Structures are given as C-alpha cells and as structure tokens.
Amino acid sequence: MKCGVLGDPIAHSLSPVLHRAAYAAWGLDWEYDAHRVPAGGLARFVDGLGPQWRGLSITAPLKREALQLADTVSPMATMAGAANTLVHEDGRWHADNTDVPGAASALRERWTGQLRAATVVGGGATAASVGLALAGLGARTLRLLVREQARAAETLAALARHPSQPDVEVVSLQDGEVLGEVVVSTIPAAAQTPALVQRCAGVRVVFEVVYHPWPTPLAEAALASPVPQVLVTGLDLLVHQAALQFEQFTGRPASLPAMRGALP
C-alpha cells in the first residue's frame, strides 16, 4: 500500500519520518513519500493514482482544494472548511481534518489550564483548524491577527460554524494586541517581527505551529523568557495529527512513542 504527503513546499516535511516509524512499529510493508504538488494541482495528482494508494496527508496550499475533489467529507472537515487527510476506499476519496483534534491534543499534552480567550496569528486554513480546537477547549473569545481582513473570510466562516459560537475579533497583525491565555502563530518565521514577539511576551502559552526553520523568533523568545512560558510546538501538532491519520489509513492504533522517537 502507498501513502504520502502533498504540498508546496514539501522538502522539509517530517511526515514521512513519522508515518514510516508508525508502519515499522506494526511491521507494515507500506510506502510513504513526500510529493511536491503546487496550488491548483491536487486534482490532477489524485487522478493519476492507482488502487494501491490508501491515504494522503494534505498540507499548504492544498487543504481547501482537498474538499473539492473528495467524494465524501467528514463533519470536522466541513466545519473547518479544509481537509488535511484524504482516505481512499472502494474507489472513493473521503476527506477529514485531523488538524483540529490534533491541535487540541497537542495543547492539552503541554498545558491543562483554563482556557477562556486566545489569539491566533494568521487567517489561513491552519488558523481555522487551530481556532476551532481552541473553541472546543473552552475559549469563548478568539482574536485573529491578520495582514488583511478580507483574506480571513473563510476562517471567520469556519469559526462561525463551531457549536459554541465563540466571539471572534479581527485586528491588524501590525499592531493588534494579543489577548488571552494562549497565542497560536500560524505565520512563517520571516513574518514574525520583533514587535509581534514583544506583544506575545506575557502570554502563558505560546503555540508555534511552524517547525521549519526552528526555532522561530516566537519560539526562541518563549524559550528564553524570564517569565516561564509553556511552548507547544509544530512537532507536537504534527505528531498528534499524523497519529490520527495513520489510524484512518491503516485501521490500527498509532504508537506515539515510536513516532516521537523518529523525529530528529
């Protein structure tokens, strides 16, 4: 059986390392590789796959495209408006989103405090998934820091679909204040300005979803902070969402220790 991770860029992805470790733990002779697929190219790639293909991990910029080609879509992916998982069965593709439960598990593994409000930096598909995870963990107020409000429209729509109906504010990335117990950054390291890092300095938990390059300015500041900050990393998220994907692809429980142990 074959599986793989698709996106652009993709060379940095650690998903092959994680999934192969999970296969080895079960003695499965499966393949899992990374494939560069640019925006707009997902349907063409999937159309060329044979019956030996079982599952695809979907990353940027393809998460919203994945919904369009799926034959069936899970309630989670529908709510998020994005899919990071495609499962092939009986000639049909099923779309799901393991980023939402994966983000919740990653955060709770590191921090168990009460969550009332949080800030999400960025407004793309990953921001929507993490925002939904925060709402599911009890956040009643979510603040989005974005460059352009119009580009966050799909994320706002996703958050509005959450059953808890959190209050969502959209403010400027340039000077918007950080709110709540948790700040989650979904933007590239190059976009993390000193001013943004300073605004995140007093937050109890920093959740940095980017894991390459590492450390990002936000992660580096959290690690060096004189006032202790909990740091949840992109690798935490990667492991938890990949474990859920592995279980859907193979029908077997994932070994988190084996997957974590394979990371560099």
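For the structure itself, look to the data block above.
So, here's what we can say about the structure.

The helix and strand inventory of the protein stands at 11 helices and 12 strands. Here the C-alpha atoms of the protein give a radius of gyration of 18 Å, agreeing with the 18 Å that 2.2 N^0.38 yields for 264 residues. Referenced to the eigenvectors of the C-alpha coordinate spread, the extents of the protein come out at roughly 50 × 35 × 30 Å. Of all 264 residues assigned to the protein, the portion counted as buried reaches 53%. Just so you have it, the protein exposes about 11500 Å², and 53% of that area is on carbon and sulfur atoms. Distance between charge centroids for the protein: 2 Å, based on 20 positive and 23 negative side chains.

What follows is about unusual backbone geometry. With an omega of 5°, the peptide bond running from D8 to P9 counts as cis. With respect to the secondary-structure elements, P9 resides in the loop between β1 (2-7) and α1 (15-26). For D90, which is not glycine, the phi dihedral falls at a positive 55°. With respect to the helices and strands, D90 occurs in the loop between β5 (85-89) and β6 (92-96).

A few words now on the packing of helix α6 (residues 125-136) against helix α7 (residues 153-160). In contact at an axis separation of 9 Å, α6 and α7 are set at 25° when each is read in the N-to-C sense. Classified by the angle their axes make, α6 and α7 are roughly parallel. When you trace α6 past α7, the crossing you get is right-handed. Contact with α6, carried on its side by A127, A128, G131 and L132, involves T155, A158 and L159 of α7 and no other residues of that element. Residue composition of the contact of α6 with α7, grouped by class: five nonpolar, two polar and no charged.

Turning our attention to the packing of aromatic side chains. The geometry of an aromatic ring pair is captured by the separation of the ring centres together with the interplanar angle, meaning the angle of the planes. Across all of its chains, the model carries three aromatic pairs by this definition. With a centroid separation of 5.8 Å and an interplanar angle of 40°, the aromatic rings of Y23 and F246 are classed as tilted. Here Y23, found in helix α1, pairs with F246, found in helix α10 (residues 234-250); they are 223 residues apart in sequence, far enough to count as distant. Judged by its relative accessible area of 2%, Y23 falls in the buried class. Sitting above the plane of the W26 ring, R252 keeps its charged end 5.6 Å from the centroid.

Counting 31 residues, the largest nonpolar core has L107, L115, L134, V182 and F207 as its most contacted members. Every element with two or more residues in this core is listed here: α4 (75-80), α5 (99-110), β7 (117-121), α6, β8 (141-146), β10 (182-185), β11 (205-208) and β12 (230-233). Contacts of F207, omitting those with residues within four sequence positions, involve A103, A106, L107, V183, V184, S185, V232, T233 and L237. Formed by 21 residues, the second largest nonpolar core is a distinct cluster that contains W30, L238, A243 and A254.

This next bit is on the layout of surface pockets. The calculated volume of the largest pocket comes to roughly 1300 Å³. Taken together, 44 residues make up the lining of the largest pocket; nearest its centre are T59, A60, T126, T186 and V209. Breaking the lining of the largest pocket down by element, the ones donating at least two residues are β3 (53-58), α6, β8 and α10. Top element by residues in the lining of the largest pocket is α10. It accounts for five residues. Along the lines of polarity and charge, the residues of the lining of the largest pocket split into 22 nonpolar, 15 polar and seven charged.

Turning next to α10. Relative to the 24 Å expected for 17 residues at 1.5 Å per residue, α10 spans 24 Å between its end C-alpha atoms, a close match to the ideal helical length. Across the 17 residues that make up α10, a large majority, 13, are buried. Capping the start of α10, T233 holds a side-chain oxygen 3.2 Å from the backbone nitrogen of L235, two or three residues further along. Just beyond α10, the residue with positive phi is G251, at close to 75°.

Strand order in the open sheet formed by six strands is β2-β1-β3-β5-β6-β4, and the pairing between neighbours is mixed. Edge positions in the sheet fall to β2 (31-36) and β4 (72-73), since each has one partner strand and no second. Across the face of the sheet, α1 comes into contact with β1, β2 and β3 while running at roughly 170° to β2.

What counts and what doesn't
Residues numbered from 1 in each chain as written. Predicted model: local features only at pLDDT ≥ 70, side-chain atom pairs only at ≥ 80, totals over all residues. Heavy atoms only, no water. Helix = DSSP H or I, 4+ residues; strand = E, 2+ residues; numbered from the N terminus. Rg over C-alpha atoms; globule rule 2.2 N^0.38 Å. Buried < 20%, exposed > 50% of the residue type's maximum accessible area, 1.4 Å probe, protein only. Areas by Shrake-Rupley, 256 points an atom, 1.4 Å probe, with all protein chains shown as cover. Lys, Arg positive; Asp, Glu negative; His and termini not counted. Charge placed at Lys NZ, Arg CZ, Asp CG, Glu CD. Axes fitted to C-alpha atoms, helices over the stretch in contact; angles between N-to-C directions. Parallel < 35°, antiparallel > 145°, perpendicular 65-115°, else oblique. Left-handed = near helix turned anticlockwise from the far one by under 90°. Contact = heavy atoms within 4.5 Å. Nonpolar A, V, L, I, M, F, W, Y, C, P; charged D, E, K, R; others polar. Phe/Tyr/Trp six-rings, centres within 6.5 Å; stacked < 30°, edge-to-face > 60°. Lys NZ or Arg CZ within 6 Å of the ring centre and 35° of its normal. Core = buried A, V, L, I, M, F, W, Y, C linked by side-chain atoms within 4.5 Å. 1 Å grid on protein atoms, 1.4 Å probe; cavity = no way out; pocket = protein on both sides within 12 Å on 5 of 7 lines; lining within 4 Å. Points joined across faces, edges and corners; volume = space filled by probe spheres on them. Expected span 1.5 Å × (residues − 1). Polar contact = N/O pair within 3.5 Å; in protein donor to acceptor, adjacent residues only side chain to side chain. Pairing = 2+ DSSP bridges.

Scope: geometric values only; no functional claims are made or implied.
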